[in-house]
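# Tertiary structure, described
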Amino acid sequence: MDSYALHLAMAALVGATFAAASAYYMHRKTLTQLLDFARAIERERERGGGGDEKRSPRRRSAEQHQPTDRRSAPRYYRRGGVGVGVGVGSISLPDVLAAAAAADGEDDEEEEEEERRTVVNAIFSAEEDYRDLLIPPGLPRLHTVPEGNRQIVRSCSNKRVGVIRPTSPKSPVVSVSAFDSLDGSDEDDNLRDDSKLGDIYLNTNGNLESEPKGFFQPLPNNVIVNGESQPLAATSMIRSHSVSGDLHGVQPDPVAADILRREPEHESFIKLKISPNEIPSTDEMEVYKILQKCLELRESYVFREEIAPWEKEVITDPSTPKPNPNPFAYAPEQKTDHYPQMVDGVVHVYTNQHCKERLYPVADATTFFTDLHYILRVIAAGNIRTVCHNRLNLLEHKFKFHLMLNTDKEFLAQKSAPHRDFYNVRKVDTHVHHSACMNQKQLLRFIKSKLQKEPDEVVIFRDGTYMTLKEVFESLDLTGYDLNVDLLDVHADKSTFHRFDKFNLKYNPCGQSRLREIFLKQDNLIQGRFLGELTKQVFCDLAASKYQMAEYRISIYGRKQSEWDQLASWIVNNELYSENVVWLIQIPRLYNIYKEMGIVTSFQNLLDNIFLPLFEVTVDPDSHPQLHMFLKQVVGLDLVDDESKPERRPTKHMPTPAQWTNVFNPAFSYYVYYCYANLYTLNKLRESKGMTTIKFRPHAGEAGDIDHLAATFLVAHNISHGVNLRKSPVLQYLYYLAQIGLAMSPLSNNSLFLDYHRNPFPMFFLRGLNVSLSTDDPLQIHLTKEPLVEEYSIAASLWKLSSCDLCEIARNSVYQSGFSHALKSHWVGKNYYKRGPDGNDIHQTNVPHIRVEFREMIWREEMQRVFLGNAKIPDEVDK
Ligand SMILES: [Zn+2]
């Protein structure tokens, strides 16, 4: 027992002294002493027997007599020793740990204990006689630091150097001192140090005497120097660190300043020539002819402006366009005699009331459904699927080859574009619903502040009484203090997967429809004042971020014609305007619900309510001045709702909307046709009057049948989601060829219909589909203040997207968006409307020409292949 106590005492003593000594070293901050300490261990070890002779007999005898102690004591000792070693050594004193690790490596526990004793001795003696411990230059290496640890030290030092050094034009050679390289001012000193090994060696040892400069003294490098088996010339040795240390992509030579001086436009890229023998077989040619027809069908449907915006308005000054000082000022505009009349669900426009000739004919429903069926037959044909599948695979691999050959060049080009990086290239949130555009924290804070500042505001009429905000919360048994994000409970979770209904129910703060009505509706007792204020806050955040823009989708239900005026007056009265924001109108496909409620009698009612006011205001802006002003900021029309609901595929001859009086909801493509046809006519009319046009940009392919995507292929400008394209190679290939924009929201899909890791976004991106990233519903999906960056960030991490990829996606988002020609010119370059590299300005987009040129080249090759060499590709996009 005596010896057990002795062991305990020893252990305590060792632990305490070790800690004390270590603290002392921390205080001095001179790592050089630790080197000496390591040498002391070595010396003790070499001295060998001395200490052992004195102590071991007693211990050995004790162990012989009481074997149980042998097990317990050393174990306790080890725990204490390791504890100290980790606590002190791992963070700041790597070679102490190294020494301890070396000791730990010994098999024999007795020897280990002896090692520890010598460690203690060494610590005691290190302070008094460190002068004795100095090793003159040229002595053989020390064996205290194991190989592995030396590697760690080396890579650490390289990392520091790698981060700092290559930016300095004067010293392509890595400097000796990591500390010096931090302030970067001692170039000449470094060079001088490089020249002589002896100097460095003496300097470092001599640093014990001199005033410590800081924690990162030259020691770590010199530990390596000591560790080298053969003394090397300093210059070669140091250089070898920088060259071999490419763990962190350290490039020894290229210098940042040189990169900046280089013109990024002149980067050439390695082109892959793999098509010379690609002559399509006769079977393939047949397939291509069919694909041609599909593309031509689309061209015959989609609305294009007669005169492109860049032809109407030539931008000479690419600087920031002046913000509209008074976006809601109404200047009276000429009423025209145009006479719109609803005929079988589609508005016909005549020059005047007496004229019989229809002005802007559009394909009728039967033609549309016939063409739709043609597309559906095409996408089901086996041989066509095979060809498209192969082409898509080839596209994917071509891009992978491109990356293998050109990634470095692309990155270099990005580095050489001054000022621009991912954070300050413009990115548009191409698909986000206004009703869920704020984040949950923002909504929570807003509710709390309203409860605090306006508790007596009468906000709702419920159960026959008017209630103030305070009373509403009392009726819910809630106080402002109770509220938190969890209670708010608007976030999508596991329960919403494949449950669009539950997802929608989540859109009730605290599960209470009355809170939804007060805070998230425009047509409530307070005329949507709260929602307006909240929206303004969101606008402010966007403006503060400067490089993020959004296209908010806001609902028109089609229950009554006055909805348009209500919405417009809400926008105008709350002055909801931002240079970073445009609007899209979304129409929920809810005919069956209104029919059941008796709000509408036929589908025709719905169409009347949605489209007649638009024609009215276009013909005579004075009739709805606020709506007229609002429409200037509306760039698109959207169709929304749960696509996964089962539906019947439309036949070629469908009942007209007036005949559609049953309680069932029409199919997706039925909605698509009537919205498209009316919008097409409206746009023609608006264009003829010099007004802005509204693009058809519905949700499609989020879930449900593939024919949704076939319908939107024919008529939509671009679409939201499109994840179901993964199920149809033919449609996917057609969407690629037509470069139809896909505003994809993988996080939203992950909450509702498709796990993140199965999302086809990365595949679409590789293949060259026109994809952008968007948030869909930040309130219900995202966690941070910048949902769009969160979306990019998660995609970048999980799919390993490079900075170049991200900037390309951001650039796509600007193209897909409906912002004005002037803004697009400012954001992505004044020639943005030209195809290929001519339209790219790396100084604005941070996308290398190499990337744009590659995409353009591959797409042109593919188009020529499909059109058998006769493709007519315009020089401008969107024509
Ligand atoms: Zn959406």
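Residues numbered from 1 in each chain as written. Predicted model: local features only at pLDDT ≥ 70, side-chain atom pairs only at ≥ 80, totals over all residues. Heavy atoms only, no water.

### Some remarks on the UniProt feature "binding site: Zn(2+)" (unreviewed entry) in the chain
To keep it simple, the criterion reads: UniProt positions are given in the numbering used here, feature names are shortened, and annotations may be inferred rather than shown by experiment. Per the convention used, a helix needs a DSSP run of H or I reaching at least four residues, while a strand needs a run of E reaching at least two, with both numbered from the N terminus. Buried residues are those whose accessible area, probed at 1.4 Å on protein chains only, stays under 20% of the maximum for their type, while exposed residues exceed 50% and partly exposed ones sit between those limits.
Residues annotated in UniProt with the feature "binding site: Zn(2+)" (unreviewed entry) correspond here to H431, H433, H699 and D776. For the annotated residues, spread through 346 residues, the largest C-alpha to C-alpha distance comes to 11.4 Å, consistent with a single compact locus. Mapped onto the secondary structure, H431 falls in strand β3 (residues 427-433). For H431, a relative accessible area of 0% translates into the label buried.

### Digging into the coordination of the zinc ion
Our working definition: The rule for donors is simple: an N, O or S atom within 2.8 Å of the metal counts, and for Na, K and Ca the reach is 3.2 Å. Water is not among the atoms, so a site may look short of donors.
Only H431 (NE2), H433 (NE2), H699 (NE2) and D776 (OD) from the protein coordinate the zinc ion, and they sit 2.0 to 2.2 Å from it. Mapping the donors of the zinc ion onto the primary sequence yields the spacing H-x1-H-x265-H-x76-D. Note that H431 is positioned in strand β3 and H699 in strand β10 (residues 699-700), a separation of 268 residues in sequence. You'll find H431 and H699 in the same group, each marked buried.

### Some points on the UniProt feature "active site" (unreviewed entry) in the chain
Here is the rule: It only takes one pair of heavy atoms within 4.5 Å for two residues to be counted as in contact. Counted as a polar contact is a pair of N or O atoms within 3.5 Å, where, for protein atoms, one must be capable of donating a hydrogen and the other of accepting one, and residues adjacent in sequence contribute only when both atoms are in side chains.
In the numbering used here, UniProt assigns the "active site" (unreviewed entry) feature to H721. You can see H721 is positioned in strand β11 (residues 718-721). Leaving out residues up to four positions away in the same chain, H721 has contacts with H431, H699, A700, G701, E702, L742, A743, M744, S745, S748, N749 and D776. Polar side-chain contacts of H721 include one of 3.4 Å to the side chain of E702.

### Let's talk about the sheet that holds strand β6 (residues 548-555)
As a reminder of what qualifies: Two strands qualify as a pair provided DSSP detects at least 2 bridges between them.
Spatially, β3-β6-β7-β8-β9 is the arrangement adopted by the five strands of the open sheet, whose pairing is parallel. The open sheet has two edge strands, β3 and β9 (695-696), and neither has a second partner. Sheet topology places strand β7 (residues 581-588) next to strand β8 (residues 634-640); six bridges connect them, and they run parallel. Bridge pairing in β8 places W583 opposite V634.

### Quick look at the packing of helix α15 (residues 282-301) against helix α30 (residues 707-715)
Condition: With axes taken as lines fitted to C-alpha atoms, and helix axes fitted only over the stretch in contact, angles between N-to-C directions fall between 0 and 180 degrees. When describing relative orientation, an angle under 35 degrees is termed roughly parallel and one over 145 degrees roughly antiparallel, while 65 to 115 degrees is termed roughly perpendicular and anything else oblique.
At their nearest, the axes of α15 and α30 sit 6 Å apart, and the two run at 60 degrees to each other. One finds that α15 runs oblique with respect to α30. For the pair formed by α15 and α30, the contact residues are C294, L295, L297, R298 and Y301 on the first element and T712, F713, L714 and V715 on the second.

### Some thoughts on the sheet that holds β11
Pairing in this open sheet of four strands is parallel, and the strands run β10-β11-β12-β13 from one edge to the other. Of all the strands in the sheet, the pair left with one neighbour each is β10 and β13 (771-773). In this structure, strand β12 (residues 741-744) lies alongside β13, joined through three bridges in parallel fashion. Bridged to M744 within β13 is L773.

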